[in-house]
Structure formats: C-alpha cells, structure tokens
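Below are the chains, spelled out letter by letter.
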There are 2 protein chains.
Amino acid sequence: MSTGPIRLTGTAHTALRPASAARITGGFWAERRRVNAAASIPQGPGKLEEAGNLRNLRAAAGAEPGGFSGDYQFQDSDVHKWLEAACWQYADAPDPVLAAELGRIAALLAAAQDEDGYLQTYYQLGRPDLRWRELAWGHELYCAGHLIQAAVAHRRATGQDALLAVAERFAGHIDATFGAGRGKAVDGVGGHPEIETALVELYRETGQRRWLSLAGYFLDRRGHGALADSLGTDRGHDRDPGAAYWQDHAPLREAPTVTGHAVRQLYLLAGAADIAAETGEPELRTALERLWSAMARTKTYLTGGLGARHEGEAFGDPYELPPDRAYAETCAAIASVQFCWRMALLTGEARYADLAERTLFNGFLSGVGLDGERWLYVNPLQVREDGEEAHPHSDQAARRTPWFRCACCPPNAMRLLASLPHYVASGASGASGASGAGGLQLHQYATGAYAAGGGAVSVETGYPWSGRIAVTVTEAPAGEEWTLSLRIPEWARSGQGAPAVLDGAPLDAASTPDGWLRLRRRWQPGETVLLDLPLAPRLTRPRPRVDAVRGCVALEYGPLVYCLEEQDLPGGVAMSDVRVDPDAPLAAERRPDLLGGVTVLTTGDLTAVPYYAWANRTDGAMRVWIPRQDG
Amino acid sequence: MSTGPIRLTGTAHTALRPASAARITGGFWAERRRVNAAASIPQGPGKLEEAGNLRNLRAAAGAEPGGFSGDYQFQDSDVHKWLEAACWQYADAPDPVLAAELGRIAALLAAAQDEDGYLQTYYQLGRPDLRWRELAWGHELYCAGHLIQAAVAHRRATGQDALLAVAERFAGHIDATFGAGRGKAVDGVGGHPEIETALVELYRETGQRRWLSLAGYFLDRRGHGALADSLGTDRGHDRDPGAAYWQDHAPLREAPTVTGHAVRQLYLLAGAADIAAETGEPELRTALERLWSAMARTKTYLTGGLGARHEGEAFGDPYELPPDRAYAETCAAIASVQFCWRMALLTGEARYADLAERTLFNGFLSGVGLDGERWLYVNPLQVREDGEEAHPHSDQAARRTPWFRCACCPPNAMRLLASLPHYVASGASGASGASGAGGLQLHQYATGAYAAGGGAVSVETGYPWSGRIAVTVTEAPAGEEWTLSLRIPEWARSGQGAPAVLDGAPLDAASTPDGWLRLRRRWQPGETVLLDLPLAPRLTRPRPRVDAVRGCVALEYGPLVYCLEEQDLPGGVAMSDVRVDPDAPLAAERRPDLLGGVTVLTTGDLTAVPYYAWANRTDGAMRVWIPRQDG
C-alpha cells in the first residue's frame, strides 16, 4: 500500500486507485524535492519556534509558562502541516535526524492535548470557556483536520500509533460534541473546511465508519447560513464577510459554481470528493464535476492559479481574471491539485491531470523560492514597475518572504512536494476501469518508479525541458494483456503543433480522444515505449471573455507558462510599454546557468523565463500576458 | 457673501474667490437638485431614525434610555452631513418645514453634547473612558469635522449661532486635548481625515486663527506612522491595514502620489488645499499640484471615479484601473469635486474644473438614483451578466439601495447637490488674477445667476444635452473693462471635433491655450454672448498603459460617459460577447421618455445610455468600455 495521502478503502467507488508504490528519482521534480528535503523541511521547526507555534504547544502541555503567541487562531495548523510534510519526506527517505524531529514534535502534540481530547492552543491558553463557541472564526475544526492528516501521515510513515491515538481522541471529542441529535452540544460547522477530507482519511486509516459519517455530517450541515447566525458570539470578529466566504451560502450539492474564499472552497471540494469516493453517491459526483468544470472553464488563471480577488481571498465572477490583482494564493493551488487528483481517481478522466500539471508547474511552484527558503503567498500574473507596495500586508506582497505572519502556505507547499510522487500514477485492475482498461496510468511525467494495477514501470524523462519520455515496464501480469495508459497532455493535443510520436510513429488525435493513450498488450518486463511530446514555444491568446487581458498573448512551452521580468528587458524599455509582435519567430534556448537551469523563450528582443522561477533574482516588474503590437 | 461651503478670508492667497451669489434656476442640475430637495433630503430624518442615529443622540442627551445602536463608530456623521445638506438647501430655498427639521436636529445635537464639549454618541453611550484612545478606528475627529461643517452651514443658512457654539466648544475641547506641548493629553491624529478642512472653515467663519493652527497641526502630525503605534489600544480592531490606509505613510508634502483609502486621501487633500489657501505656503501648493496631477493622469477612471481596489477602498498602482472591480466610491467622487474646486480657486487653472465636470456628470451622479431614493456606494464601469453578487456587503453591491448599513454616501451626495451652485462660478478682482484678468469665471455650465468679481451674469443652457450656452452680463463695472471667462471644456478642445463657436465665429485653439476663453471688454448690462460647444458622439480609446481595458473603446458625448445596459442589447446577445465596430457611424438621439429624458448614442445595433443613469430600470449587466471588433 502506498505511503501517500490517499489510501482508498477496498469498497471505494472510484475508477482508479493510487499507485501502490511511487518514487521520483530524478529530473525536474526530484530537484525541487531535494531542495524541499534539504532546505525547506529542516528549517521548519526553527521558523515555528521563532513564530511562537512550538512555544504555544509547550505552554499548553504545561512545560512552559505564558499565554498564546501569534496573530492567528489557527497557528497550530502550521505545526500540523509541517509534521505531515516531514512524515511524507521520511517515508520517502528515512533519516535519523528527521525521525528525531518528528518524534519530538509528535510527542509535543500529545503532551499538549487536553484530557477530553481537545487540542488547540489558542483556546487552551486563552479562553478555554470559548471552545466551540467561535465557530465562524475560531478555526478549531480546521486545526483538528490538519492534526488528523498529520497523524495519519505519521502512522503511515513510521508505523507508530501514538499520534494517531491523539487524533482519534480529538476526533472522538468532536464526534461527541457535534451533531443534530440529543446530547450533542453543537449543531454546526466551522468557518474553514478541512475536517471533511481529514475525517475520511481517518476512516480509511482506522476502518471506523463513524469518521466517514461525521465527515458527511459536516458536509451536509454546511450551506444553510448557520455561520452567519453564530457570528454574534465571535469576540472581536463581528465582521460578516458573507456566507460564500466560508462556503455556507448553499449546500455543495446545489451550488452552481465555485465562489467565495478559494482555499475554503477547494478544501471543501477535496473533502466532498473523498466522501463521494467512499460512498459512491452519484449526485455528489455530479455536483463535483459541475463545480470543477465551472472553475476550470471560467475562474482559473493560465497558471492554474485560483482566486481573482484580494478582498475575501475569493473567486471572482466568471471570466474576472485580472493578472495584476490575481490573489492566486499558493494554498489555493495546492488545494486545487488535491481536488484534481481526487477527481482523477474518482472518474478516471485525463482532464483533471491536465489542470493539475498546469497548476504544479506554474501557479503552485511559483509560490516556492528556488532556494526553498523564500515564499510567495499570492501569485499574480503581473507586477508593474511603478507598483507602490500599497498592499498593507507584507504577506500578500509580490515579493518572496522567508516566512509569513499568516504562515499557511510554506508548510502546505512542503507537504505537497514531499507527497508529490503519489500524484503521478494510478492503477485499475481488470478491463472495466473507467480509463477503458485496467493497468497503470501515468497522469504526470517524472523520472521514477511507479507500481499500480498489478504492474510497475520506470520512467525516464527530461520533462518539462524535453518532450521525450521513456517508460519501461518492469513488471506486468505474465501471459495476460495489461494496459499502460499515458496521458497526452492537453497542450500536446490541441492540434496546433506537431502530433505526439510513439516509438517513431506519429499519433493521430483520434487515438487519444479523451487524452489517454492506451497501450494494451502482453508486456514483457524490460520492454520500453518512447513517447515524444512535441515541445515548441507557442503564443497563447486569451479567451475572448477574459476582459482583463484582451489584446494580449502569453508565451508557453509544454506545460510551462512564461513571463517577462524587468531585468531581462532591453535597456530603456519600461515593462508597461512592452509589445509583442505575434508574427515574429519564437525560439527556445537552454540556459543551464540561469535560475537553476531553465529554457528561456525569445521573440524579437524579448526574453521570457518560466513563470515558476520569477522573483528569484531581484524584485521588479513582471508580466505573463503581454500586449500585442496589433492589439 | 456666498452661503456656500467655502468663504475665504480677506487674506487668503488664492487666484480666484467663490462667487458672492450663485443660483441654479433651470436645466439639468436644477432637476437633480429638485429631486434632492423633494425626495432625498426630506427622507433623511426618517432614514436616520430607522438606523438608530437620532436615537443615539437622544440617548446621549439623556432623553431616552439605551446604549449605542448601529454598526459604526462614525454613525453620528450621517446626521451631521444630512444637516449640512439641509442647511445649504434651506439657504437656497427657505421653507418652514425644513426650518423646523433643521431646528429640531440642531437642538438635539446641542443637547447631546457633553459638558466639556465632547460629542460622539458611540463613546458617550458605550465607553466614555476610551475617548481619544482609539485614534486609529474611533473616527472621533472625523465626526467632529462633519459636525463643524454642519454648524458652519447652519450659521450661514439661518444666521443663528447656537449650533456654531456647539461646534466651537467641541473644537475648543479638541484644541485643549491635542498637541505636542505640555498639558496636552494626546499628540496624534485620527484615522480618517476631515477635521482639517472643517477647522479651516471654522477659522473662516469665526476669524479665530487657533482653528487654522490646529488644522495645520493635524496636517503636519500626519505621515509619521503614529497611527500604527496606537493600534494596540483599539479594542477589537487589531487589524493593521497599513499606514497608507489612513494616510499616515508619509507627510502629505512629501508623498509622490495619491495612495491608500481614496476618501481619506481626498479629504486630507481638500483640507490641505484649504490650509494652503489661507497660509499661502508655496511648498504645500506644489505638493497639492503634484498629487492632483498624479491622480488625474494615472489613477482616475474615465468617469472621474477614484479608488481601484475594494480591499482597503484604495487607490491602486498607476494605471491599475479595472472596470469591473472599480471601487469608485460615491464619497470619493464627492471628495474629488471638493478637492478640485479648492485647487481651481487656489490656482485659477481650468483643468481642475475639467475633472470636476467629468466627475459630477458621471462618477458622482451615478451614485444618486434618478428618484433620489436609491443609491450606489460603489460605481463600477462593468457588471457582468453572470455576476454572482459574491460581494458579501450589500452596501458595495452594484445594485441601488435605499440606505446603507454604512450610510456615508447618501447624505454626502445630498450636501454636494444642495451646495452645487457654489461650484459653478468664481471671481477675481483686478487684472492680476491667475486667470489672466479679473472678472467672473464660469467653471461649469448650468442655467442660473452668478455674481462675482464685481459683476454678475445669467446663464441659459440645455447643457449637457445641448452645447449652446447663452451668457448675459447682468452687471459689470460701468465704464471699465471687465473680463468674463468661459471654460472651454477639455472634451471640446481636444482637437478631434469641430471648434467651439462664439457668436457665430469659430474659436481657434490658440485663443484658449489654458482652457479659458477670456472676453475682456467694456460690458453693457444685458449684453449676451453665445457659446456653441461642438457636441457630437465620440469614441474614446483608453491610454495604452491602462491594461484592464485594452482593445476597448468608450462612447462619450460632451461631458457624458455612456454605457451599455443589458436591457438595451439586441435579442440573444450576451453583454460579454458584444463588440463595437470603431468605423461604424455614431448617432445621437433624443429620448425624452427614457430615464427622465436623455440623449442616447447608437452605433450598429447598439444603444448606449448615459452612465449616470445606469441601474435605474432593472439590474443587469453593464459596461462602459466595449471591446472593439478588431481588438
């Protein structure tokens, strides 16, 4: 069984199942994960100490005097997310130093837990009398969710039960507290989803159906305006941001589109997808498909970024996608990848991995500094040269920052990178899988080894700098047909460029109508297929309804979105005055010296760098969408 | 002397002085003012009663039990602004019913005042111990400013001293409390400017220089980050929106451009212009000219609207002017007109009246419903057909509303409309005025009678539906040369259309290089000049640096900006898909039946209505900037 974040039960109703083993061993993502393991994760405890998070836990454990430090009720969740990241990393590459850190922090969490199972230092140290009484802003169920996820990761990575027991006690306390029945103290939900997906995973880990039921309760209780009613009891938080902010405007099953606070929306969608996977409820799956489609079609940036508005950290109206004021929080990109992956498993469709790829290589990775030590909270697609940093919160400035006052993004990025191998491949047994056949599916391309669906493959590729992908079947059912499915990325099947080539022969589009190239045969171990994706620089025009970038083009190369940075402009040219000639030739040039090694794109006298690498040299103007000379 | 809002002292250092008499007697603005007088102002006290504002005052006066009602610390200021509006209205058209209302509310304010002169019911009823201790969010000096302005208007309109005495006692209390010297309890400023302009007017009304000095203290104390330091003492308002939010990021004299909360910035600028007018300080005037220019050139919407961001109700970066997420608060437009008028008086330059005209006819007037009973808080330039009303605060929805929870805009609009005649004309005595000559200057065109600079005129015009303006000199110095100056609006001197015509002879542009047409002669009373401004529909292209509307055009007609509304679109066409052919003919058509009587513009199968009149029929999509077919 996989040591990744989704371990479906045997009765789950999904088209696909996560790979049983997955390792990334080289190439682009291996390098990003190396930095995550060598810099980001090891520095976490120091950051959490400086920001007071660990002190809060020691104080709650009675090991240190003092009250709560920090600006946010959800301060503990930074610890939980770091711990989850460290566990996935440890599972991938066991290491005694990391093991000691894991053990120390898991023990600290256990010590901080109250007798009755409750654990959130903000209330423990501050106002224990107000537990579960500030549902709108308190973030208690949110923190509980992240604790549960960390505990599940800890169990899977170390085999130890202690932290899982902490999580189960907390979940038990929540189950005893929340519900509609007699004897329940609270019938309501928390302002920030997260508990839903966590409880489903706790169900998967423990086999106890009560956690799935409780997740279902939280999903169904939401969307009836209960949070606005509870606002009056939130101290100092009388501001009502509107029901959509916390996804309480409509039951998820009825909502026509994604709206409100993007991260809250996406965590809720991921949790709902987990519930649908385990219950098989068709109406819920239909709602999830509808919401994902509305999001992908009308509210997603070219980078995969989500959330068009700073105010309320929210989705905008359909096609409201300003590049300059894009919020596109790193956490929203992470949550989108999680949601997409669950939908890919649920349905077997390739389009979810298309969006996940776009998000991973662009709107997510831009949030992580090349050094793994500086982060972006928001990921705009344009920064003007005369921007005044008028934004009051440095957290949300377009400038890399070592840590944030609201530090949700860095440990979240760490856990995604640490668990990334588990987003690459899936399996389906038998010929009835929704992908058209059993076997192994490669959703993403990363050098490594993946086992699923009764077989295994090794992948070798220079992707995304090269379109060549060599897949060697290392294990397959002997004497039986078995299907290796390769996703032909959306960018490679748009019909604009050359077709993909398999073992020297061009693929016609009809062979991959749904994005999957299915190779069904009797495989011999050691047999290799060679997929060549047609990598060439391209100009992308925006959809006509996207008002904010009308008359512009973007530069793309495979899955990568490019941008201009001020320092690369020809002398004397202001970013605001740059124009691109859509008819001028485009070229790609490998620059091993630049930004850790990238391919740059050039057109006329302009040089563009991958968007994920922006703001790693000096601060300055940047833009993804460039006005056309004729626009 | 004028009964308007600015009554310069005899020693003021301005190029121009407000008209000594000003009446609007017919035409476009007379109708808007009739609705203001017949609907908006009479309904005010009922709205203020419903919202609890008047009850708060009765409670503070001890006439009623109970605590503070309402959501905002600055609730009293709605009363003050309504009272100011009612006073200007009364000065224009005395009326016994209005006199009784004025008297009742003025008496209520007097009764609510504390012994020591303090008056703000939020603290009086709630936490008197926290007076002057929540400088950042408490709005005490802001409310004091509006009270002072109401009191000055009351004195000018009624000749009575009672309310002015209330204001002077409050100002005296503030003067005793604030300052850097020994014996002063507080050395600081309030989070929301307004006191500055009010204290200068109190100085003008009473002749007491201490009020001018106190205004100067508040101006100079600002911009040194003191408000962030004081945040810790604001209960439940620990949120730090950044120093620019309350204009505390830099001293106004040093700030390179306008930034932060738009209304706060503009009230501060208006107050600083008042100070510059009375002190004659050249550095302050230079700073004001720099800030105005930066604002007009890089941060002003086509409608004159100001404030590109919902978050922080703030100016954006230069050229960040999204039409859909324009905040463009009605109060910001009002404050801009106030600032522009002060700059026009200070400098004598026509460009300030150009922007004031654009703002009055578009971004301000859109905030006022045609019925005078429904208001807009924000004034976007685009609403999509599938907008989801995701905005949590109905105050800030693009939908007309009878009153707001935060009701700053309606009484503010009432006071501007009630005092509007005082923004039309000015005078300068002698030949040395900055306008190039003494005499009378017409900054705006509205049928009425205006006296200034030793003479008087009557104006007759159908402006803005007609470009013909008849100005009759009704009084002029006998046997002496005297100058009548007519502003040739920027839209009429752009060189695009036909030239303006004076008494049948085309004007060449060289005769009005600075926007003023100066007619210097020996005038006979009864003599009339006829100015014909070349009114024709025109297509306006955006400046190339304004990214958000690239590839679009706007329709304009004289000073009016036009928009498409969903209900006027050809059947089956979605607003998001409309395109305009820039080469198709444009036509203007008078529609007396529509929207109280407007001229519509047509091109192809599209019909555009004046922007000020949008959202007066049904809710729906709207846009000012329309994509070009070739864009």
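From a predicted model like this one, the values you see are computed outputs, not experimental measurements. (Residues numbered from 1 in each chain as written. Chains lettered and ligands numbered in written order. Predicted model: local features only at pLDDT ≥ 70, side-chain atom pairs only at ≥ 80, totals over all residues. Heavy atoms only, no water.)

## Quick notes on the side chain of arginine 222 of chain A
All names here are of chain A.
Turning to step 1, where the next piece is worked out: In this structure, arginine 222 sits in the loop between α9 (209-221) and α10 (226-230).
Turning to step 2, where the next piece is worked out: Arginine 222 gets classed as buried once you look at its relative accessible area, which sits at 2%.
Turning to step 3, where the next piece is worked out: Within polar-contact distance, the side chain of arginine 222 engages the backbone oxygen of glutamine 247 at 3.5 Å.
Turning to step 4, where the next piece is worked out: Beyond its immediate sequence surroundings of up to four residues, arginine 222 is in contact with Val189, Gly190, Gly191, His192, Pro193, Glu196, Leu227, Trp246, Gln247, Asp248, Pro251 and Leu268. (Helix = DSSP H or I, 4+ residues; strand = E, 2+ residues; numbered from the N terminus. Buried < 20%, exposed > 50% of the residue type's maximum accessible area, 1.4 Å probe, protein only. Polar contact = N/O pair within 3.5 Å; in protein donor to acceptor, adjacent residues only side chain to side chain. Contact = heavy atoms within 4.5 Å.)

## Observations concerning the confidence of the model for chain A
Turning to step 1, where the next piece is worked out: Overall, the prediction assigns chain A a mean pLDDT of 94, with 96% of residues at 70 or greater.
Turning to step 2, where the next piece is worked out: Interface confidence in the predicted complex, given as ipTM, is 0.92; pTM for the same model is 0.95. (pLDDT = per-residue confidence, 0-100.)

## Side note on the interface of chain A and chain B
Turning to step 1, where the next piece is worked out: Taken together, the 43 residues of chain A in the interface contact 43 residues of chain B.
Turning to step 2, where the next piece is worked out: Between the two partners, chain A and chain B, sit 12 salt bridges.
Turning to step 3, where the next piece is worked out: Between arginine 325 of chain A and glutamate 311 of chain B there is a salt bridge; the shortest N-O distance is 3.6 Å.
Turning to step 4, where the next piece is worked out: Between the two partners, chain A and chain B, sit 10 residue pairs in polar contact (both at pLDDT 80 or more).
Turning to step 5, where the next piece is worked out: Partitioning the side of chain A that touches chain B into residue classes produces 11 nonpolar, 13 polar and 19 charged. (Salt bridge = Lys/Arg side-chain N within 4 Å of Asp/Glu carboxyl O. Nonpolar A, V, L, I, M, F, W, Y, C, P; charged D, E, K, R; others polar.)

## Considering the relation of the copies chain A and chain B
Turning to step 1, where the next piece is worked out: In screw terms, the move from chain A to chain B is a rotation of 180 degrees and a rise of 0.0 Å along the axis, fitting with an RMSD of 0.0 Å. The transformation just described matches what one would write down for a two-fold rotation axis.
Turning to step 2, where the next piece is worked out: A high fraction, 100%, of the interface residues of chain A reappear at the interface in chain B, so the copies pair face to face through one surface. (Least-squares fit on C-alpha atoms with pLDDT ≥ 70 in both.)

## Focus: the pattern of salt bridges
Turning to step 1, where the next piece is worked out: Tallying each qualifying case throughout the model produces 106 salt bridges over all chains.
Turning to step 2, where the next piece is worked out: By sharing partners, the salt bridges in this structure join Arg7, Arg155, Arg156, Asp161, Glu201, Arg204, Glu205, Asp274, Glu278 and Arg342 of chain A into a single network.

## A closer look at the packing of aromatic side chains
All names here are of chain A.
Turning to step 1, where the next piece is worked out: Applying the stated criterion to the full structure yields 54 aromatic pairs over all chains.
Turning to step 2, where the next piece is worked out: Aromatic pair phenylalanine 28 and phenylalanine 361: ring centres 5.2 Å apart, planes at 50 degrees, arrangement tilted. Remark: phenylalanine 361 occurs in helix α14 (residues 351-364) and phenylalanine 28 occurs in helix α1 (residues 27-50); sequence separation between them is 333 residues.
Turning to step 3, where the next piece is worked out: For phenylalanine 361, a relative accessible area of 2% puts it in the buried group. (Phe/Tyr/Trp six-rings, centres within 6.5 Å; stacked < 30°, edge-to-face > 60°.)

## As for the domain arrangement of chain A
Residues and elements named next belong to chain A.
Turning to step 1, where the next piece is worked out: In terms of domains, chain A is made up of domain 1 (17-423), domain 2 (425-532) and domain 3 (537-627).
Turning to step 2, where the next piece is worked out: Computed over C-alpha atoms, the centres of domain 1 and domain 2 are 32 Å apart.
Turning to step 3, where the next piece is worked out: Taken together, the contact between domain 1 and domain 2 spans 27 residues of the former and 26 residues of the latter.
Turning to step 4, where the next piece is worked out: Contact between domain 1 and domain 2 buries roughly 1900 Å² in total, counting both sides, with carbon and sulfur atoms accounting for 52%.
Turning to step 5, where the next piece is worked out: In terms of surface lost to domain 2, no three residues of domain 1 exceed Ala350, Asp354 and Glu357, which account for 24% of the buried area on that side.
Turning to step 6, where the next piece is worked out: At the junction of domain 1 and domain 2, the tally comes to three salt bridges.
Turning to step 7, where the next piece is worked out: Note that glutamate 357 and arginine 487 form a salt bridge whose closest N and O atoms lie 3.1 Å from each other.
Turning to step 8, where the next piece is worked out: There are 14 residue pairs in polar contact (both at pLDDT 80 or more) connecting domain 1 and domain 2. (Domains from an automatic or database assignment. Buried area = accessible area lost by both parts, 1.4 Å probe.)

## Points about the sheet that holds strand β4 (residues 425-428) of chain A
All names here are of chain A.
Turning to step 1, where the next piece is worked out: Judged by pairing direction, the sheet is mixed, and its five strands sit side by side in the order β1-β4-β5-β9-β12 without closing on themselves. Unpaired on one side and paired on the other, β1 (17-18) and β12 (516-522) mark the two borders of the sheet.
Turning to step 2, where the next piece is worked out: Bridge count between β4 and strand β5 (residues 439-442): four bridges; the pairing is antiparallel. Following the sheet pairing, alanine 428 is matched in β5 by glycine 439. (Pairing = 2+ DSSP bridges.)

## Looking at unusual backbone geometry
Negative phi is the rule for most residues except glycine; trans is the rule for most peptide bonds.
Turning to step 1, where the next piece is worked out: Following tyrosine 463 of chain A, the chain continues into proline 464 of chain A via a peptide bond in cis, with omega recorded as 5 degrees.
Turning to step 2, where the next piece is worked out: Positionally, proline 464 of chain A belongs in the loop between β7 (455-461) and β8 (468-475).
Turning to step 3, where the next piece is worked out: Although it is not a glycine, glutamate 313 of chain B adopts a positive phi angle of roughly 45 degrees.
Turning to step 4, where the next piece is worked out: The topology assignment puts glutamate 313 of chain B in the loop between α12 (282-298) and α13 (330-347).

## Quick word on helix α13 (residues 330-347) of chain A
All names here are of chain A.
Turning to step 1, where the next piece is worked out: Compared with an ideal rise of 1.5 Å per residue, which puts 18 residues at 26 Å, α13 spans 26 Å between its outermost C-alpha atoms and is within 8% of the ideal.
Turning to step 2, where the next piece is worked out: Of all the 18 residues making up α13, 18 are buried; the element is thus mostly covered by neighbouring parts of the structure.
Turning to step 3, where the next piece is worked out: Following α13 by one or two positions, glycine 348 adopts a phi angle in the positive range, close to 80 degrees. (Expected span 1.5 Å × (residues − 1).)

## Comments concerning the pairing of strand β9 (residues 481-487) of chain A
All names here are of chain A.
Turning to step 1, where the next piece is worked out: β9 sits mainly inside the fold: six of its seven residues count as buried.
Turning to step 2, where the next piece is worked out: Relative to β12, β9 is paired through seven bridges, and the arrangement is antiparallel. Directly across from arginine 487, in β12, lies its bridge partner tryptophan 516.

## Overview of the sheet that holds strand β5 (residues 439-442) of chain B
Turning to step 1, where the next piece is worked out: Judged by pairing direction, the sheet is mixed, and its five strands sit side by side in the order β1-β4-β5-β9-β12 (chain B) without closing on themselves. If you trace the sheet from one side to the other, it starts and ends with β1 (17-18) and β12 (516-522) of chain B, each paired once.

## A look at the environment of phenylalanine 68 of chain A
Turning to step 1, where the next piece is worked out: Assignment of secondary structure puts phenylalanine 68 of chain A in the loop between α2 (53-60) and α3 (75-92).
Turning to step 2, where the next piece is worked out: Not counting residues up to four positions away in its chain, the partners in contact with phenylalanine 68 of chain A are Arg55, Asn56, Gln75, Thr121, Tyr122 and Leu125 of chain A.

## Some thoughts on the state of the cysteines
All names here are of chain A.
Turning to step 1, where the next piece is worked out: Under the criterion given, the structure shown has zero disulfides over all chains.
Turning to step 2, where the next piece is worked out: Of all cysteine sulfurs in the structure, the one in cysteine 406 sits closest to cysteine 143, which takes part in no disulfide; the separation is 11 Å.
Turning to step 3, where the next piece is worked out: The class of cysteine 143 is buried, set by a relative accessible area of 0%.
Turning to step 4, where the next piece is worked out: Sulfur of cysteine 331: no disulfide; nearest cysteine sulfur belongs to cysteine 409 and is 3.5 Å away.
Turning to step 5, where the next piece is worked out: Look at cysteine 331 and you get buried, because its relative accessible area is 2%. (Disulfide = S-S within 2.5 Å.)

## A closer look at the packing of helix α9 (residues 209-221) of chain B against helix α11 (residues 262-279) of chain B
All names here are of chain B.
Turning to step 1, where the next piece is worked out: Across the interface, α9 lies against α11 with an axial gap of 10 Å and an inter-helix angle of 130 degrees. With respect to α11, the axis of α9 lies oblique. The hand of the α9/α11 crossing is left-handed. Contacts from Leu212, Ala215, Gly216 and Leu219 of α9 reach α11 at Leu268, Ala272, Ile275, Glu278 and Thr279. (Axes fitted to C-alpha atoms, helices over the stretch in contact; angles between N-to-C directions. Parallel < 35°, antiparallel > 145°, perpendicular 65-115°, else oblique. Left-handed = near helix turned anticlockwise from the far one by under 90°.)

## Description of helix α6 (residues 140-158) of chain A
Residue and element names in this part refer to chain A.
Turning to step 1, where the next piece is worked out: Across its 19 residues, α6 extends 26 Å between first and last C-alpha, which sits within 8% of the 27 Å expected from 1.5 Å per residue.
Turning to step 2, where the next piece is worked out: Within α6, 17 of the 19 residues are buried, which leaves the element mostly enclosed by the surrounding structure.
Turning to step 3, where the next piece is worked out: Positive backbone phi, at 75 degrees, marks glycine 159, one or two positions downstream of α6.

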